[in-house]
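What follows is each chain in one-letter form.
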Amino acid sequence: MSADTVPPKSRRLLLLVPLALFLGLAALFLLQLLSGRNVADIPSALIGQLAPETNLPPLEGMNLPGLDSKAFAGRVTLVNVWASWCAPCREEHPLLLALAGDGRFALVGLNYKDSTENARRFLGSLGNPYSAIGVDSSGRTAIDWGVYGVPETFLVGKDGKILYKHIGPLSEQAVADTLMPEIEKALAAD
């Protein structure tokens, strides 16, 4: 059947199909955008589950232990996934330094797909908030933790279960409104 044999009315309808599909998708995206839902709130299947078994080597030259999930037992632990090449990690770093001053919980780092020299230089210039740093050069451990991208921060309770996950860089508002209340709940739990 050639284009000449397609009735003109059908030809016009065929031309409107792509336009209708485009308008439908545009409306769907607009509804999602205006829904007020925070797109960074991606639920984690690990919330309420034991933290993945982790045993990462330490960052060379830092004189700190590596990251071992057995060390989480009996203590509230904040696990921050970071890298020197990550610009948002620089943004949140002053907040991590402030959080490190609270001795009621441990703040540990999971260094993701980074070079040793660059990671040490990053911490040397910005300060080191971590009491332990594990090096995940292959990214395999981050996959086990369900990491979507850096930075991400996990709150692990005294029982070793993941209680909360923050995706993206921490902000002052996120720390005050969400993270600290979650930490307080974890500290109060038996």
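Chemist: Break down helix 5 (residues 172-188) for me, with residues and values.
Modeler: In this model helix 5 runs 23 Å from its N-terminal to its C-terminal C-alpha over 17 residues, within 8% of the 24 Å that 1.5 Å per residue would give. Along helix 5, the sharpest kink reaches roughly 40°, centred on Leu-179 and followed within four residues by the proline Pro-181. All of the buried residues in helix 5 are Ala-174, Val-175, Leu-179, Met-180, Glu-182, Ile-183, Ala-186 and Leu-187. Where helix 5 is buried, its residues touch strand 3 (77-82), helix 2 (87-100), strand 6 (152-156) and strand 7 (162-167).

Chemist: Please provide a residue-by-residue account of the pairing of strand 3, values included.
Modeler: Most of strand 3 is tucked away, with 6 of its 6 residues classed as buried. Taking every second residue as pointing to the same face, both faces of strand 3 are buried, with Thr-77, Val-79 and Val-81 on one and Leu-78, Asn-80 and Trp-82 on the other. Where strand 3 and strand 4 (residues 106-112) come together, 6 bridges link them in parallel fashion. Each bridged residue has a counterpart across the sheet, and for Asn-80 the counterpart in strand 4 is Gly-109.

Chemist: Can you break down the packing of aromatic side chains residue by residue, with the values?
Modeler: If you walk through the whole model with that rule in mind, you get 5 aromatic pairs. With centroids separated by 6.3 Å and ring planes inclined at 75°, the aromatic side chains of Phe-72 and Trp-145 adopt a geometry described as edge-to-face. Taken together, the positions of Phe-72 in the loop between strand 2 (67-68) and strand 3 and Trp-145 in helix 4 (residues 140-145) put the pair 73 residues apart, joining distant regions of the chain. Judged by its relative accessible area of 3%, Phe-72 falls in the buried class. Look at Trp-85 and Tyr-112: their rings are 6.3 Å apart centre to centre, the planes differ by 55°, and that puts the pair in the tilted class. One end of the pair, Trp-85, is in the loop between strand 3 and helix 2; the other, Tyr-112, is in strand 4, and 27 residues separate them in sequence. Judged by its relative accessible area of 18%, Tyr-112 is buried.

Chemist: How would you summarise the state of the cysteines if you had to cite specific residues and measurements?
Modeler: Taken as a whole, this structure holds 1 disulfide when the rule is applied. Put simply, Cys-86 and Cys-89 are joined by a disulfide, and their sulfur atoms are 2.4 Å apart. The chirality of the disulfide connecting Cys-86 with Cys-89 is right-handed, given an S-S dihedral of about 85°. What makes Cys-86 buried here is its relative accessible area of 3%.

About the thresholds
- Residues numbered from 1 in each chain as written.
- Predicted model: local features only at pLDDT ≥ 70, side-chain atom pairs only at ≥ 80, totals over all residues.
- Heavy atoms only, no water.
- Helix = DSSP H or I, 4+ residues; strand = E, 2+ residues; numbered from the N terminus.
- Expected span 1.5 Å × (residues − 1).
- Bend = angle between axes of the 7 residues up to and from the residue.
- Buried < 20%, exposed > 50% of the residue type's maximum accessible area, 1.4 Å probe, protein only.
- Contact = heavy atoms within 4.5 Å.
- Pairing = 2+ DSSP bridges.
- Phe/Tyr/Trp six-rings, centres within 6.5 Å; stacked < 30°, edge-to-face > 60°.
- Disulfide = S-S within 2.5 Å.

Scope: geometric values only; no functional claims are made or implied.
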